[in-house]
Amino acid sequence: RPRALSGIQPTAGSFHLGNYLGAIRQYVALQETHDAFYMVVDLHAITIPQEPADLRANTRLAAAQLLAAGLDPQRCTLFIQSHVPEHAQLGWVMNCLTGFGEASRMTQFKDKSARQGADRATVGLFTYPILQVADILLYQADSVPVGEDQRQHVELTRDLAERFNTRFGSTFTVPKPHIVKEVAKIYDLQDPSIKMSKSASTPKGLVNLLDDPKATAKKIKSAVTDTGTEIRFDAEAKPGISNLLTIFSTLTGTGIADLEQRYEGKGYGALKVDLAEAMVDFVTPFRSRTQEYLDDPETLDSILAEGAEKARTVAAETLAQAYDRIGLLPAK
Ligand code: AQP
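This is a predicted model, so every value here is computed, not measured.

### Some points on the overall build of the protein
- Looking only at helices and strands, one finds 13 helices and 5 strands in the protein.
- By the compact-globule yardstick of 20 Å for 332 residues, the protein fits well, its C-alpha radius of gyration being 21 Å.
- Once the C-alpha set of the protein is aligned to its principal axes, its extents read approximately 75 × 45 × 40 Å.
- Evaluated residue by residue, the protein yields a buried proportion of 49% over its 332 residues.
- A sequence separation of at least 24 residues applies to 75% of the contacts in the protein between residues at least 6 apart.
- Separation between the mean location of the 36 positive side-chain charges and that of the 41 negative ones in the protein comes to 3 Å.

Structure representation (structure tokens):
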């Protein structure tokens, strides 16, 4: 089986609809076809300031949500990044292979550091994509399910894998991004020109999966739509309604063309009412499954311990090989 690897940050409070449609749904699907490794990337989270107690709680919450979304520990390996020290270790090696200018071209750093204020941004935030390179290469991943915003980081991973292999001999699998075009970028409900994002969206534009379902329904109903009344997918001319059609289509498994036909001659209001209902049908059981995992921390922690053990076996082998190739003297 080919390998898949992806990571998600332990967001405060809840994952959002963009995380779910752009990434987590693909994680669930790839369990069936891939030897899949998924992790909550707490080491990435500390690239911006975190309250220790919140970080710990959010890490468990993230794992609970991944399980609630359908990750099955029998079919994939789910773990916490910091439980596998090889990530930081290979991360250092990759730092030493990356050009400063090359790292400076990462657009996510430019965006995030601009939001932090240039003096506040840490070196960790700058080298974040390089740790991500190590995350992926440690598992010899073939496929990396992510949203469009992560494409550049997977490209960097490919470049560094090739560079290492050329310089030191074939060691790493060169991975490909697994980006599902239709859902690669879910947009803010209030401003469909920007992606839905925990840090850039306004509260009304961001659908958090663990919000009160009534509040979620309200956000859908007050989503910004476009001039005119026709329900038609046209990302350029009708970005608001196209975003809602994408969300509706993915959540319910109905084709966009079928939705266009179903709502022909009906107004935006009818579509929003039905989408709000579909969202409520999705988030209500999701919330209660997440709560079940949170109410049983022993089970959750033992799933994560088993996952870390499986992950470490793979990661340790790759790291030992990489250390050897670059000429580090093995400890006796
Ligand atoms: N709007 C989105 N549409 C599709 N996919 C998205 N992803 C994020 N937003 C969208 C994908 O979710 C995965 C997890 O992302 P992350 O943990 O790296 O968090 P992020 O990308 O930092 O998420 P945000 O909300 O966008 O955070 P900020 O605001 O801090 O930048 C990734 O695969 C991502 O592509």
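### Brief notes about the site of the ligand
- Residues in close proximity to the ligand total 23 residues, the closest being H16, D149, K195, S197 and S199.
- I186 has a polar backbone atom sitting 2.8 Å from a nitrogen atom of the ligand.
- One nitrogen or oxygen atom from the side chain of K195 is found 2.4 Å from an oxygen atom belonging to the ligand.
- The protein chains hide 96% of the 640 Å² of surface that the ligand would expose on its own.
- Counting only elements with at least two residues in the shell around the ligand, the list comes to α1 (17–30) and α6 (107–116).
- Here the shell around the ligand takes 4 residues from α1, the largest share from any one element.
- When grouped by side-chain class, the residues that make up the shell around the ligand number 8 nonpolar, 9 polar and 6 charged.

### Focus on the packing of aromatic side chains
- The full count for this structure, using the stated rule, is 10 aromatic pairs.
- For the ring pair Y27 and Y38, a centre distance of 4.5 Å and an interplane angle of 10° mean the geometry is stacked. Placement of Y27 in helix α1 and of Y38 in strand β2 (residues 35–40) is noted, with a sequence separation of 11 residues between them. The two residues Y27 and Y38 agree in class, both being buried.

### Comments concerning the environment of D188
- Within the secondary structure layout, D188 lies in the loop between β5 (176–178) and α9 (213–221).
- Residues D188 and F233 lie 45 residues apart in sequence; the distance between their C-alpha atoms is 17 Å.
- Other than its neighbours up to four places away in sequence, D188 contacts I194, K195, M196, S201, T202, G205 and N243.
- Side-chain polar atoms of D188 contact the backbone nitrogen of Q190, separated by 2.7 Å.

### Some details on the pairing of strand β1 (residues 3–8)
- As defined by bridge partners, β1 adjoins β2 across 6 bridges and the pair is classed as parallel. Bridge pairing in β2 links I8 to V40.
- Once the chain exits β1 it traverses α1 before rejoining the sheet at β2, and the crossover so formed is right-handed.

### Structural notes on the pairing of strand β3 (residues 76–80)
- Of all 5 residues in β3, 5 are buried; the element is thus mostly enclosed.
- Residue alternation in β3 divides its side chains into two sets, C76, L78 and I80 and T77 and F79, and both sets are buried.
- The pairing of β2 with β3 spans 5 bridges and is classified as parallel. From the neighbouring strand, F37 faces β3, where its bridge partner is T77.

### A look at the UniProt feature "binding site: L-tryptophan" (unreviewed entry) in the protein
- Within the UniProt annotation, "binding site: L-tryptophan" (unreviewed entry) is assigned to D135.
- One can find D135 in helix α7 (residues 123–137).
- Residue contacts for D135: discarding those within four places in its chain leaves L5, M39, V41, H44, Q81 and H87.

### A look at helix α10 (residues 239–252)
- Spanning 14 residues, α10 covers 20 Å between terminal C-alpha atoms, matching the ideal 20 Å at 1.5 Å per step.
- The buried fraction of α10 is high, at 12 of 14 residues.
- At its buried positions, α10 is contacted by α1, α11 (256–262) and α12 (268–295).
- In the stretch just after α10, G253 is the one whose phi turns positive, near 70°.

### Topic: the packing of α6 against α7
- Orientation of α6 relative to α7, taken along the N-to-C sense of each, is 160°, at an axis distance of 10 Å. Comparing their axes, α7 and α6 come out roughly antiparallel. Along this stretch, α6 crosses α7, giving a crossing that reads as right-handed. On α7, the residues that touch Q108, F109, K112, S113 and Q116 of α6 are L125, F126 and Y128.
- When the residues that make up the contact of α6 with α7 are grouped by side-chain class, the tally is 4 nonpolar, 3 polar and 1 charged.

Parameters at a glance
Numbering of residues begins from 1 in every chain and follows the order in which that chain's sequence is written. Owing to the predicted nature of the model, reporting of local features is limited to residues with pLDDT of at least 70; listing and counting of side-chain atom pairs is limited to 80 or more, with chain, interface and lining totals taken over all residues. Side-chain numbers come from the whole structure's heavy atoms, not from hydrogens or water. Helix and strand definitions follow DSSP, with helices as H or I runs of at least four residues and strands as E runs of at least two, each counted in order from the N terminus. When we talk radius of gyration, it's over C-alpha atoms, and the globule rule is simply 2.2 Å times the number of residues to the 0.38. For every residue, the accessible area (1.4 Å probe, protein chains only) is compared with the maximum for its type, and the residue is labelled buried under 20%, exposed over 50%, or partly exposed between those bounds. For this analysis, residues touch if any pair of their heavy atoms sits within 4.5 Å. We treat Lys and Arg as the positive residues and Asp and Glu as the negative residues; His and chain ends play no part in the count. By convention, the point assigned to a charge is CZ for Arg, NZ for Lys, CD for Glu and CG for Asp. Definition of nearness: a residue and a molecule or strand are near each other if at least one heavy atom of the residue lies within 4 Å of the molecule or strand. In protein, a polar contact means a hydrogen-donor-capable atom and an acceptor-capable atom, both N or O and within 3.5 Å, with residues adjacent in sequence counting only if both atoms are side-chain atoms; elsewhere, any N or O pair within 3.5 Å suffices. All accessible-area figures derive from a Shrake-Rupley calculation using a 1.4 Å probe, and residue coverage is judged against the displayed protein chains alone. In the scheme used here, Gly and all other residues not listed as nonpolar or charged are polar, with Ala, Val, Leu, Ile, Met, Phe, Trp, Tyr, Cys and Pro taken as nonpolar and Asp, Glu, Lys and Arg as charged. Any two of the Phe, Tyr and Trp rings considered here, Trp counted by its six-membered ring, make a pair once their centres fall within 6.5 Å; the pair's planes then place it as stacked at under 30 degrees, edge-to-face at over 60, or tilted in between. Each pair of strands is called paired provided DSSP finds at least two bridges between the two strands. Crossover handedness is defined by viewing with both strands directed away from the observer: a clockwise path from the first strand over the helix to the second marks the crossover as right-handed. UniProt positions are given in the numbering used here, feature names are shortened, and annotations may be inferred rather than shown by experiment. Given a helix with a known number of residues, its expected span is that number minus one, times 1.5 Å. Between the N-to-C directions of two axes lies an angle of 0 to 180 degrees, each axis being a line fitted to C-alpha atoms and, for a helix, fitted only over the stretch in contact. Note that the term roughly parallel is reserved for angles under 35 degrees, roughly antiparallel for angles over 145, roughly perpendicular for angles of 65 to 115, and oblique for everything else. By convention, the crossing between two helices is left-handed when the near helix turns anticlockwise from the far helix through less than a right angle, and right-handed when the turn is clockwise.

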